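If you want the building blocks of each chain, they are given just below.
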Amino acid sequence: STAERPAAHNMPIILCGGDGGRIDHLLGIVKQFERALFPDIWLCREQAVYSLRPAFDGSPAVLQLTAERCTEHISVFPVPCKDGEYKLRSEGLQWPLDNLDWKNEAFSLSNRVCADYLTDKKRVALRAEKGAFIAIVPY
């Protein structure tokens, strides 16, 4: 499973910084999301990068965000995983992610909240049911 971690690891892993403009450092940090001991969140200057992958028991990872956080952009990328199976559902995004062909290198750039979710102050949700993903969201 892509969600396996050493049994002794119970605390979230949070990365801070490292987005200062060097492409080699950026790529090095992004590769960390492919490891068994992956960061849960990477806090950058203006964005947060969340790791989304089902738990060891198979329960989905769910990220809920206020609609206001998703007015500019929210981007989602698959992370290479052993079995290569991906399934991610979205609620409240202008362009739903449910049927993207993640297996063949699809990704979602600069998506945003639907107007009615913003008006009604509903929460945007991403639900990773299979595979591994990163979601990039502004603060």
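Residues numbered from 1 in each chain as written. Predicted model: local features only at pLDDT ≥ 70, side-chain atom pairs only at ≥ 80, totals over all residues. Heavy atoms only, no water.

Colleague: Would you take a moment to explain the overall build of the protein chain for this structure?
Modeller: Looking only at helices and strands, the protein chain has two helices and nine strands in total. The order of helices and strands in the protein chain, counted from the N terminus, is β-α-β-β-β-β-β-β-α-β-β. Against the compact-globule benchmark of 14 Å for 139 residues, the protein chain has a radius of gyration of 15 Å, which places it among compact chains. For the C-alpha atoms alone, the extent of the protein chain along its principal axes is close to 45 × 35 × 30 Å. (Helix = DSSP H or I, 4+ residues; strand = E, 2+ residues; numbered from the N terminus. Rg over C-alpha atoms; globule rule 2.2 N^0.38 Å.)

Colleague: What am I meant to see in the pattern of salt bridges here?
Modeller: Taken as a whole, this structure holds seven salt bridges when the rule is applied. Taking the shortest distance from any N to any O, the salt bridge between Asp98 and Arg89 comes out at 3.8 Å. Residue class for Asp98 comes out partly exposed when judged on its relative accessible area of 30%. The class for Arg89 is partly exposed, based on a relative accessible area of 33%. In this structure, the salt-bridge partner of Glu129 is Arg127, at a minimum N-O distance of 3.0 Å. When its relative accessible area of 36% is taken as the criterion, Arg127 is described as partly exposed. Among the charged side chains, a salt-bridge network with shared partners connects Lys87, Arg89, Asp98, Arg127 and Glu129. (Salt bridge = Lys/Arg side-chain N within 4 Å of Asp/Glu carboxyl O. Buried < 20%, exposed > 50% of the residue type's maximum accessible area, 1.4 Å probe, protein only.)

Colleague: Please explain the sheet that holds strand S5 (residues 74–79) as it appears in this structure.
Modeller: The strands that make up a sheet pair up through hydrogen bonds in the backbone, lying either parallel or antiparallel. The strand order across the open sheet built from six strands is S1-S2-S3-S9-S5-S7, with neighbouring strands paired in mixed fashion. Of all the strands in the sheet, the pair left with one neighbour each is strand S1 (14–16) and strand S7 (108–111). On average, each strand axis in the sheet is inclined to that of its neighbour by 15°, with strand direction left out of account. Alignment of strand S2 (residues 41–43) against strand S3 (residues 47–52), held across three bridges, turns out to be antiparallel. (Pairing = 2+ DSSP bridges. Axes fitted to C-alpha atoms, helices over the stretch in contact; angles between N-to-C directions.)

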